[in-house]
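# Analysis of the macromolecular model
Here are the chains, one letter per residue:
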Amino acid sequence: LAQGTRPPGVVGRERAMHFVKLSPTVSAADQVKVWQAMHAKAMQATPAFADGLAGYEVLQRLPDLASRQPNRCGTEMPVADLVACFWFKTKRSAEQFPGHVRAWRQADQQAAVDSPASFFVLVDEVEVWTNPSFIG
């Protein structure tokens, strides 16, 4: 699922990634729909975030991938059901993302999200290698 545009030349631009673990009561077929409903409410509640958003995409965990994976520390860790990636028009727009996540969690009236297993990161992309012969 995607909306808006992924900015060209994302190098040096802020991006937010929201790793979402959903309750086992939410079927795989409904995961994106649940996210969309909560996202729509959060967008209404955070107009500064909505105005600064260039685009986003939501990626869903493949059904054949286990919902828990071994951790190098010896325990298992949950694997996100959804990863939402957001691109912003400006650095100041990216600063609005934590408020959007708070509004998104407040929109969870059905307890569809496993909040302790969900998290987000703000990323500043840096290009470390360029292949001049790459065509694509």
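The sections below set out a description of the structure shown in this document.

About the thresholds
- Residues numbered from 1 in each chain as written.
- Predicted model: local features only at pLDDT ≥ 70, side-chain atom pairs only at ≥ 80, totals over all residues.
- Heavy atoms only, no water.
- Salt bridge = Lys/Arg side-chain N within 4 Å of Asp/Glu carboxyl O.
- Buried < 20%, exposed > 50% of the residue type's maximum accessible area, 1.4 Å probe, protein only.
- Helix = DSSP H or I, 4+ residues; strand = E, 2+ residues; numbered from the N terminus.
- Phe/Tyr/Trp six-rings, centres within 6.5 Å; stacked < 30°, edge-to-face > 60°.
- Axes fitted to C-alpha atoms, helices over the stretch in contact; angles between N-to-C directions.
- Parallel < 35°, antiparallel > 145°, perpendicular 65-115°, else oblique.
- Left-handed = near helix turned anticlockwise from the far one by under 90°.
- Contact = heavy atoms within 4.5 Å.
- Nonpolar A, V, L, I, M, F, W, Y, C, P; charged D, E, K, R; others polar.

What follows is about the pattern of salt bridges. Summed over the entire model, instances satisfying the criterion amount to three salt bridges. In this structure, Lys33 engages Asp30 in a salt bridge whose closest nitrogen and oxygen atoms are separated by 4.0 Å. Its relative accessible area of 34% is what places Asp30 among the partly exposed residues. Between Asp81 and Arg61 there is a salt bridge; the shortest N-O distance is 2.8 Å. Taken together, the residues Asp81 in the loop between strand E5 (76-78) and strand E6 (82-88) and Arg61 in the loop between strand E3 (53-60) and strand E4 (68-70) connect sequence positions 20 residues apart. On the basis of relative accessible area, Asp81 is assigned to the buried category, the value being 3%. What makes Arg61 partly exposed here is its relative accessible area of 21%. Where salt bridges share partners, they join Lys21, Arg61 and Asp81 into one cluster.

It is worth spelling out the packing of aromatic side chains at this point. Ring pairs (aromatic) are described by centroid distance and by the angle formed between their planes. Scanning all chains against the criterion turns up ten aromatic pairs. When the centroid spacing of 4.7 Å and the interplanar angle of 15° are considered together, the rings of Phe19 and Phe119 count as stacked. With Phe19 in strand E2 (residues 14-20) and Phe119 in strand E7 (residues 119-124), this pair connects stretches of sequence that are 100 residues apart. Classification of Phe119 as partly exposed rests on a relative accessible area of 43%. With a centroid separation of 5.8 Å and an interplanar angle of 70°, the aromatic rings of Phe49 and Phe86 are classed as edge-to-face. Taken together, the positions of Phe49 in helix H2 (residues 47-52) and Phe86 in strand E6 put the pair 37 residues apart, joining distant regions of the chain. One exposure class covers both Phe49 and Phe86, and it is buried.

Turning our eyes to something else, we now look at the packing of helix H1 (residues 31-45) against helix H4 (residues 97-106). Contact geometry of H1 with H4 gives a least axis separation of 8 Å together with a crossing angle of 125°. As judged from the angle between their axes, H1 and H4 are oblique. Here H1 runs over H4; the crossing is right-handed. Residues Trp35, Met38, His39, Ala42, Met43 and Ala45 of H1 lie in contact with H4, whose contacting residues are His100, Ala103 and Trp104. Tallied by class, the residues present in the contact of H1 with H4 amount to seven nonpolar, two polar and no charged.

As a further point, take unusual backbone geometry. Where the residue is not glycine, phi is negative for most of them; where a peptide bond is considered, it is trans in most cases. Even without glycine at this site, Ala111 takes up a positive phi of about 55°. Judged by its relative accessible area of 52%, Ala111 is exposed.

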